[in-house]
Amino acid sequence: QLLSHKKIKNLGSEGERPKDEAMTTPLLVGFATAAAALTARQVILSGSRYMATPRIRKHYEGGFQPAMTRREAALILGIRESSPHDRIKEKHKKLMIANHPDSGGSDLVAAKVNEAKDILLGKKKQETIF
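It should be emphasised that the depicted structure is a prediction, and the values quoted were computed from it without experimental measurement.

S.K.: Help me out: how do you make sense of the packing of helix α4 (residues 85-99) against helix α5 (residues 107-121) in this one?
M.R.: Two elements in contact, α4 and α5, have axes whose closest approach is 10 Å; the angle formed by their N-to-C orientations is 175°. With respect to each other, α4 and α5 are oriented roughly antiparallel. Residue-level inspection shows His-85, Ile-88, Lys-89, His-92, Leu-95, Met-96 and Asn-99 of α4 in contact with α5, the latter providing Val-109, Ala-110, Val-113, Asn-114, Lys-117, Leu-120 and Leu-121. Of the residues that constitute the contact of α4 with α5, the class distribution is eight nonpolar, four polar and two charged.

Set out below in structure tokens:
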């Protein structure tokens, strides 16, 4: 009975913890919270980097056909053949700003971009091969 009384006396009163255990728990909780916050930050940053990288589509590699078709016109402008008129005009404007002859662009490229816009808008009749 004397031995058990000493053990209780060393532990302190019933609601207290030893000092080492009392300091360890908040420290572990702090480290766990910091680790979770850093992990969440890295996930968010990697997601934003992924969203910021442009999706590179393959450009049109072929040369120009003698008579431009709707398919070739759509490939030049980088849109679908069935795109609405406002989308066609928007893409034409962007390409002309980038390739205008007055700002160092090519005359041939500017002419082809204009021809592609005209064909897709229906202003120029397509010449048939037959």
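S.K.: Help me out: how do you make sense of the pattern of salt bridges in this one?
M.R.: A pair can form between side chains of opposite charge whenever their charged atoms are brought close. Counted by the stated rule, this structure contains three salt bridges. The closest approach of N and O atoms between Glu-90 and Arg-87, which form a salt bridge, is 3.8 Å. One end of the pair, Glu-90, and the other, Arg-87, are both in helix α4, three residues apart, so they sit about a helical turn from each other. Accessibility expressed as a relative area gives 41% for Glu-90, which makes it partly exposed. As a salt-bridge pair, Lys-112 and Glu-115 come within 3.7 Å of each other at their nearest N and O atoms. Of this pair, Lys-112 and Glu-115 are both found in helix α5, three residues apart, which corresponds to roughly one turn of the helix. Taking relative accessible area as the criterion, Glu-115 reaches 18% and is therefore assigned buried.

S.K.: Sorry if this is basic, but what is going on with α5 here?
M.R.: The α-helix winds at 3.6 residues per turn, so residues separated by three or four positions along the chain end up facing the same way. With 15 residues, α5 should cover 21 Å at 1.5 Å per step; its first-to-last C-alpha distance of 21 Å lies within 8% of that length. Among the residues of α5, Ala-110, Lys-112, Val-113, Glu-115, Ala-116, Lys-117, Ile-119, Leu-120 and Leu-121 are the ones counted as buried. For α5, the secondary structure elements touched by its buried residues are α3 (70-77) and α4. The N-capping residue of α5, defined by a side-chain oxygen 3.2 Å from the backbone nitrogen of Leu-108, is Ser-106. Count one or two residues on from α5 and you reach Gly-122, which has phi positive near 85°.

S.K.: Which parts of the structure should I look at to understand the side chain of Lys-117?
M.R.: You can see Lys-117 is positioned in helix α5. Look past the residues within four positions of Lys-117 in its chain and what remains in contact with it is Leu-77, Ile-88, His-92 and Lys-123.

The rules we used
- Residues numbered from 1 in each chain as written.
- Predicted model: local features only at pLDDT ≥ 70, side-chain atom pairs only at ≥ 80, totals over all residues.
- Heavy atoms only, no water.
- Axes fitted to C-alpha atoms, helices over the stretch in contact; angles between N-to-C directions.
- Helix = DSSP H or I, 4+ residues; strand = E, 2+ residues; numbered from the N terminus.
- Parallel < 35°, antiparallel > 145°, perpendicular 65-115°, else oblique.
- Contact = heavy atoms within 4.5 Å.
- Nonpolar A, V, L, I, M, F, W, Y, C, P; charged D, E, K, R; others polar.
- Salt bridge = Lys/Arg side-chain N within 4 Å of Asp/Glu carboxyl O.
- Buried < 20%, exposed > 50% of the residue type's maximum accessible area, 1.4 Å probe, protein only.
- Expected span 1.5 Å × (residues − 1).
- Polar contact = N/O pair within 3.5 Å; in protein donor to acceptor, adjacent residues only side chain to side chain.

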